[in-house]
Amino acid sequence: MRAKDLLHPRPEGLYCPPGDFFIDPVRPVDRALITHGHSDHARSGHAHVMATDQTLQIMALRYGENFAGATQVAKLGEVIEVNGVKVSFHPAGHVLGSAQILVEHKDCRIVASGDYKRRADPTCLSFTPISCDVFITEATFGLPVFRHPPDTEEVARLIKSTEQFPERAHLVGAYALGKAQRVIRLVRDAGYDRPIYIHGALAKLSRFYEEQGVALGELLPATLEKGNKGDFAGAIVVGPPSAFADRWARRFPDPVASFASGWMRIRQRAKQRGVELPLIISDHSDWDELIETIAETGASEVWVTHGREEALVRWCEINGIRAQPLHLVGYEDEGD
Ligand SMILES: [Zn+2]
């Protein structure tokens, strides 16, 4: 079977005609297989959703219990038949519950990896390379300029800054699903045991991570009331990036604006956003991780999606791997 007949893009998302299902559709469909809980991949309103148990629970937390007509848990590694097509979910190392989806039919194996990273993350299972004929890779940071430094170094700079500026609140922008909990866990692993203050938008998901066995230490609500400004002197306050643009952030004492994202590699971006302490911490693969992963899957063909496709397509061609960009629309990259 030709790979294109097993999976190809449609306006709703990546479609499997023989299985009659979509992977991470951006519009409501009858049957959706979902790689992870970020809002650009996991949307509400599908008739039937298959995903890992953690992803289903995350969707319920974000959209309410009735986010789909029916749900089905995909256990990691378990092969499930959908209209005669075999599908299985495997860890992607991106956020809690994230999975790559292997689609197999008539001797053709395609892995849709969703978003993924390769470095160790104490808040989720590590990516497992799956051998396949076609590997579908993201390319959020698909340029050789993107090389993420060790996250321990980035977190050490944050903690050092709280020691250097004990009178200033350190406001760390981090996406609500995955990045925030990872940053908090890394700060704990670096030996920081003071309370960490969180914006209300992070409360439910952080509690869910804790229930799933990711200890985050003492978390307190970052609520400002008259007279308690001093409580935040030298403190680490974590909130979603959007919160830092509004009045909430301006009430903290002389804040140090920080932001944890792979984009912080680009100084200009940090400057534009008024970020004083950029932390290069990403839940996506950097250039080295992308090319290492493509090689490890042994795929003879690679489809490159959401991001900077051209450089990675070129790299594949030079290395004797057929490659092409896969034009999928509607992915905004909630968790870079
Ligand atoms: Zn994601």
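Residues numbered from 1 in each chain as written. Predicted model: local features only at pLDDT ≥ 70, side-chain atom pairs only at ≥ 80, totals over all residues.

Would you take a moment to explain the environment of arginine 27 for this structure?
You can see arginine 27 is positioned in the loop between strand S3 (21-23) and strand S4 (31-33). Taking C-alpha positions, arginine 27 is 8.1 Å from histidine 46, a pair spaced 19 residues apart along the chain. (Helix = DSSP H or I, 4+ residues; strand = E, 2+ residues; numbered from the N terminus.)

What's the story with the nonpolar core in this structure? I'm lost.
Generally speaking, soluble globular proteins have nonpolar side chains that are buried together. With 94 residues, the main nonpolar core has Ile101, Val103, Ile110, Val172, Val183, Val237 and Val238 as its most contacted residues. Tallying contributions element by element places helix H4 (residues 179-189) first for this core, with five residues. Counting residues domain by domain, this core receives three or more from each of domain 1 (3-145 + 284-325) and domain 2 (151-279). Here valine 172 is in contact with Leu158, Val183, Ile236, Val237, Val238, Ser258 and Ala260, once residues within four sequence places are set aside. (Core = buried A, V, L, I, M, F, W, Y, C linked by C-beta atoms within 7 Å. Buried ≥ 20, exposed ≤ 12 C-beta atoms within 10 Å, placed from the backbone. Domains from an automatic or database assignment. Contact = placed C-beta atoms within 7 Å.)

What exactly am I supposed to notice about the sheet that holds strand S5 (residues 46-51) here?
Hydrogen bonding along the main chain pairs the strands of a sheet, whether they run parallel or antiparallel. The strand order across the open sheet built from six strands is S1-S2-S3-S4-S5-S6, with neighbouring strands paired in mixed fashion. Edge strands, defined here as strands with exactly one partner in the open sheet, are strand S1 (8-10) and strand S6 (68-73). Taking each pair of neighbouring strands and ignoring which way they run, the sheet shows an average axis angle of 35°. Bridge count for S1 against strand S2 (residues 13-16) is three bridges, and the pairing is antiparallel. Each residue of the ladder has a partner; that of histidine 8, found in S2, is tyrosine 15. (Pairing = 2+ DSSP bridges. Axes fitted to C-alpha atoms, helices over the stretch in contact; angles between N-to-C directions.)

Where do I start with the environment of proline 240 in this structure?
For proline 240, the location among the structural elements is in the loop between strand S15 (236-239) and helix H6 (247-250). Look at proline 240 and you get partly exposed, because 19 C-beta atoms sit within 10 Å. Note: C-alpha distance between proline 240 and alanine 215 (25 residues apart in sequence) is 20 Å. Excluding residues within four positions of it along the chain, proline 240 makes contact with Tyr175, Ala176, His199, Ala201 and Leu202.

Can you help me understand the domain arrangement of the protein chain in this one?
Reports often express the size of an interface as the amount of accessible area lost when the parts come together. Taken domain by domain, the protein chain comprises domain 1 (3-145 + 284-325) and domain 2 (151-279). Taking only C-alpha atoms into account, the centre of domain 1 sits 30 Å from that of domain 2.

Can you help me understand the sheet that holds strand S10 (residues 108-112) in this one?
A sheet is described by the order of its strands in space; here seven strands give the open sequence S7-S8-S9-S10-S11-S18-S19, paired in mixed fashion. Edge positions in the open sheet fall to strand S7 (80-82) and strand S19 (322-325), since each of these has one partner strand only. Sheet twist, expressed as the mean angle between neighbouring strand axes with direction ignored, is 25°. In this structure, strand S18 (residues 301-307) lies alongside S19, joined through four bridges in parallel fashion. Across the sheet, the residue bridging to valine 304 is proline 325, located in S19. Strands in contact with helix H8 (residues 287-297) are S10, strand S11 (134-139) and S18; relative to S11, the strand with the most contacts, it is inclined by about 170°. Of the strands in this sheet, S11, S18 and S19 are in contact with helix H9 (residues 309-318), which crosses S19 at around 170°.

How do you make sense of the environment of arginine 251 when you look at a structure like this?
If you trace the backbone, arginine 251 turns up in the loop between H6 and strand S16 (256-260). Remark: the alpha-carbon pair of arginine 251 and leucine 224, spanning 27 residues in sequence, is separated by 7.5 Å.

Just checking my understanding: could you explain unusual backbone geometry for this structure?
Both trends apply: most residues other than glycine have a negative phi, and most peptide bonds are in trans. The residue aspartate 24 is not glycine, and still its phi comes out positive at about 50°. The topology assignment puts aspartate 24 in the loop between S3 and S4. Of note, aspartate 107 is a non-glycine position whose phi angle comes to about 65°, a positive value. The residue aspartate 107 is located in the loop between strand S9 (99-105) and S10 in this model.

What is the right way to look at the pairing of S11 in this model?
As a general feature of sheets, a regular strand has side chains that alternate between the two faces. Burial runs high along S11: six of the six residues are buried. With burial as the criterion, each face of S11 is covered, one bearing Val134, Ile136 and Glu138 and the other bearing Phe135, Thr137 and Ala139. Two elements, S10 and S11, share three bridges in a ladder whose sense is parallel. Within the sheet, the bridge partner assigned to isoleucine 110 lies in S11 and is valine 134. Across six bridges, S11 lies against S18 in parallel orientation. Along S18, the bridge assignment pairs phenylalanine 135 with valine 302.

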